[in-house]
Amino acid sequence: MSQSLIGLLTPFTDPMMLVALAIGTCAGVYVGAIPGLTGTMAVSLLVSLTFSWRTNIALAAMCGVYIGAVYGGSRSAILLNIPGAPAAVADVFDGYPMALKGQAAKAIGIATTQSVVGGLFGTLALLILTPMVSKFALNFSPVDYFLLSIMGILMVGALGNGSMIKGMIAACMGILLGRVGQDYAMGIPRFTMGQRQLLAGIPSVVAMIGLYGFSEALAQVNMRDAKIVKQDVSRIVPEFKVVVKHLPLTLRCAVIGTVVGALPGAGGTIASLLAYDHARRTVKNPEVPFGEGAIEGLVAPESSNNAAVGGAFIPMLTLGVPGDAVTAIIMSALVMHGMNPGPMLMQKSGTLFYIVVMLNILGNLLLLPFGLTGIKVFAKFVEIPKGRLFPIIFMLAVVGAYVTNNMIAHIGWMMLFGLLGYILKKFGFPASPLVLGIVLGNLMETNWRNSLMSFRGFGGVINSIFTRPITLVLFLVVLWTLVKGTRPYRWCIEQIKGLFAKKK
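These numbers were taken from a predicted model, which means no experiment stands behind them.

A. Region of interest: the overall build of the protein. Scanning the protein from terminus to terminus reveals 25 helices and two strands. Here the protein holds 504 residues, and the buried ones make up 53% of them. Taking all contacts inside the protein whose residues are at least 6 apart in sequence as the whole, residues at least 24 apart take part in 78%. Counting every atom, the protein has about 21,900 Å² of accessible surface; 69% of that belongs to carbon and sulfur.

B. Structural view of the environment of V403. With respect to the helices and strands, V403 occurs in helix α20 (residues 386–403). Overall, V403 belongs to the partly exposed group, its relative accessible area being 24%. In sequence terms V403 and V206 are 197 residues apart; their C-alpha atoms lie 9.7 Å from each other.

C. Main features of the packing of helix α23 (residues 458–467) against helix α24 (residues 469–483). Taken N-terminus to C-terminus, the directions of α23 and α24 make an angle of 95°; their axes are 6 Å apart at the nearest point. Between α23 and α24, the interaxial angle falls into the category roughly perpendicular. On the side of α23, the interface is formed by S464, I465, F466 and T467, while α24 contributes P469, T471, L472 and F475. For the contact of α23 with α24, the class distribution of residues is five nonpolar, three polar and no charged.

D. Spotlight on helix α2 (residues 15–33). Helix length check: α2, at 19 residues, gives a terminal C-alpha distance of 28 Å against a target of 27 Å (1.5 Å per residue), a fit within 8%. For α2, the complete set of buried residues consists of M17, A20, L21, A22, G24, T25, G28, V29, G32 and A33.

E. Region of interest: the side chain of T471. By secondary structure assignment, the location of T471 is in helix α24. We classify T471 as buried; its relative accessible area is 0%. At 2.6 Å, the side chain of T471 forms a polar contact with the side chain of D144. Every residue in contact with T471, bar those within four places of it in the chain, is listed here: S141, V143, D144, L147, S464 and I465.

F. Geometry of the packing of aromatic side chains. Under the defined criterion, the tally for this structure stands at eight aromatic pairs. Relative to W448, the ring of F146 has its centre 5.1 Å away and its plane inclined at 40°; by these criteria the two rings are tilted. Of this pair, F146 sits in helix α8 (residues 142–154) while W448 is found in helix α22 (residues 432–454), placing the two residues 302 residues apart along the sequence. Residue W448 is classed as partly exposed on the basis of its relative accessible area of 27%. Look at W448 and F458: their rings are 6.2 Å apart centre to centre, the planes differ by 65°, and that puts the pair in the edge-to-face class. Within this pair, whereas W448 is found in helix α22, its partner F458 is found in helix α23, the two being separated by 10 residues in sequence. On the basis of relative accessibility, which here comes to 53%, the residue F458 falls in the exposed class. Members of the aromatic cluster, connected to one another through ring pairs, are F93, Y276 and F290.

G. How the structure looks around unusual backbone geometry. In the Ramachandran plot, R456 falls in the positive-phi region, its phi being about 60° despite a non-glycine side chain. Along the chain, the position of R456 falls in the loop between α22 and α23.

H. Looking closely at the pattern of salt bridges. Enumeration over the complete set of coordinates arrives at seven salt bridges. Notably, a salt bridge pairs R179 with E445, separated by 2.6 Å at the nearest N-O pair. Residue R179 is found in the loop between α10 (164–178) and β1 (181–182), and its partner E445 is found in helix α22; the two are separated by 266 residues along the sequence. Here R179 and E445 have matching classes, each one buried. Close ionic contact of D277 with R281 constitutes a salt bridge, the shortest N to O distance being 3.1 Å. Taken as a pair, D277 and R281 lie in helix α14 (residues 267–282) at a separation of four residues, close to a single helical turn. Several salt bridges converge on common partners, so that one network encompasses R179, R190, E445 and R449.

I. Region of interest: the nonpolar core. Counting 112 residues, the largest nonpolar core has L59, Y66, L126, F313, I330 and L359 as the members making the most contacts within it. Here this core gets 16 residues from one element, more than from any other, and that element is helix α4 (residues 55–80).

J. Layout of the side chain of D91. Checked against the element boundaries, D91 lands in helix α5 (residues 91–100). Within the buried set, D91 has no salt-bridge partner at all; the shortest N-O distance to an opposite charge, 10 Å, is to R75. If we skip the residues at most four places from it in the chain, D91 touches S74, A77, Y96, L298, P301 and E302.

K. Summary view of α23. Within the span of α23, buried status applies to G460, V461, S464 and I465. All buried residues of α23 lie within an arc of 150° about the axis, which places them on one face of the element. Away from its buried face by more than 90 degrees, α23 exposes G459, F466 and T467.

L. Seen up close, the packing of helix α6 (residues 104–128) against helix α13 (residues 247–261). In contact at an axis separation of 9 Å, α6 and α13 are set at 50° when each is read in the N-to-C sense. In this view, α6 runs oblique relative to α13, as classed from their interaxial angle. Handedness of the α6/α13 crossing: right-handed. Contacts from Q114, V117, G118, F121, G122 and A125 in α6 reach T250, L251, A254, V255 and T258 in α13. Here the residues of the contact of α6 with α13 are counted per class, giving six nonpolar, five polar and no charged.

Parameters at a glance
Residues numbered from 1 in each chain as written. Predicted model: local features only at pLDDT ≥ 70, side-chain atom pairs only at ≥ 80, totals over all residues. Heavy atoms only, no water. Helix = DSSP H or I, 4+ residues; strand = E, 2+ residues; numbered from the N terminus. Buried < 20%, exposed > 50% of the residue type's maximum accessible area, 1.4 Å probe, protein only. Contact = heavy atoms within 4.5 Å. Areas by Shrake-Rupley, 256 points an atom, 1.4 Å probe, with all protein chains shown as cover. Axes fitted to C-alpha atoms, helices over the stretch in contact; angles between N-to-C directions. Parallel < 35°, antiparallel > 145°, perpendicular 65-115°, else oblique. Nonpolar A, V, L, I, M, F, W, Y, C, P; charged D, E, K, R; others polar. Expected span 1.5 Å × (residues − 1). Polar contact = N/O pair within 3.5 Å; in protein donor to acceptor, adjacent residues only side chain to side chain. Phe/Tyr/Trp six-rings, centres within 6.5 Å; stacked < 30°, edge-to-face > 60°. Salt bridge = Lys/Arg side-chain N within 4 Å of Asp/Glu carboxyl O. Core = buried A, V, L, I, M, F, W, Y, C linked by side-chain atoms within 4.5 Å. Lys, Arg positive; Asp, Glu negative; His and termini not counted. Arc of directions from axis to C-beta. Left-handed = near helix turned anticlockwise from the far one by under 90°.

Structure below.
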């Protein structure tokens, strides 16, 4: 019997693997739904817990938690406007407006089905395209990663409530706040004002909880007498025709998620934001405008961030380079169990690759029943009177900020970011670009420095743009993204359209 067949059948021959996978997936869904409790945290705790377990059972539990947690973050994003995980940031744009319209159950149902489809696509890519995608990711230089992060920052033009200037200002604020802490290269404190607590920097999760969660709690104070929106929970599972209608967008965004997930260090957060931006640019006539409860605004990020799970395993298993923080933890766990992910894995432990593939397939299939359960209970959160909802959101925000690193100071930071988010909202500045700046700022700085060292200075970096095809394509995309948000560009487009209209 071949290694591939043995590996694919292994989970079915070991009932404990299936039990561990099912428990892990279910736990991951609810861990991801609690702000502050990320999949990274849950999997890291599992490493010590599963040290004495058999390798396959430990791997099954970690894969289940990973898959469930990436999806679980969408629940609190839709219901409370608080992303349960960084990869669910894009879900708040249209998921929360749907909940405010009484469509919370519909939104969660769509998020669940799209997560399953995207996750299965990413796993299929893991199985079929591993050699090709891993080689493609290996060709990315630090300059390419820098340009990729710039693309993410420039997406704020689409998230800036119609004003690219306001979006860029918020993004720059995020990049600046993200530089607080000790310089990783020089060891010099930056913007710490002599406070030792700031040497480790500002955790992006704490900022995210404050900007979305606590600021929402402050907004609820002024809305305590607002009319309660009754949630329609008569139909949770989306109609088949709805899934088929959006299947082309689902598959396109799943491709984005898989490719971005295969880029070491990129992860589901960038994948979901790129997919959301892609949906805004390609879907011409959504039933509801984006940002006001468009179904496409949920389809894109959810199919993308779950596809990124399969993509993140590709470089980890084939190159020994983790695709994100969770796969880095899983890789360390495999090393502790005597496995060595990398180029020689297929020769020395070929069955492990196919075990991971089957665990991802089964984990995504289990996500469907687990993701569709408890929705009626969760939907009741939105029906709670605003005056009572305020303390609930506040409590979740405080707990979420504290558990990130068990520090009281993080609660204070969360409140400060909540106040900042409330002020930004009052003056029409979006909070999402600020979060994006904090998340991607470190990726930008690290790869810019690596670029200067790799290509021997600024001149070498400029030269690489015109001598490397991948870099040139990314540079042109960045340039176009920057130009298309300007008034002269829009004026030129209008003039061209006018000329064609006259000819007709």
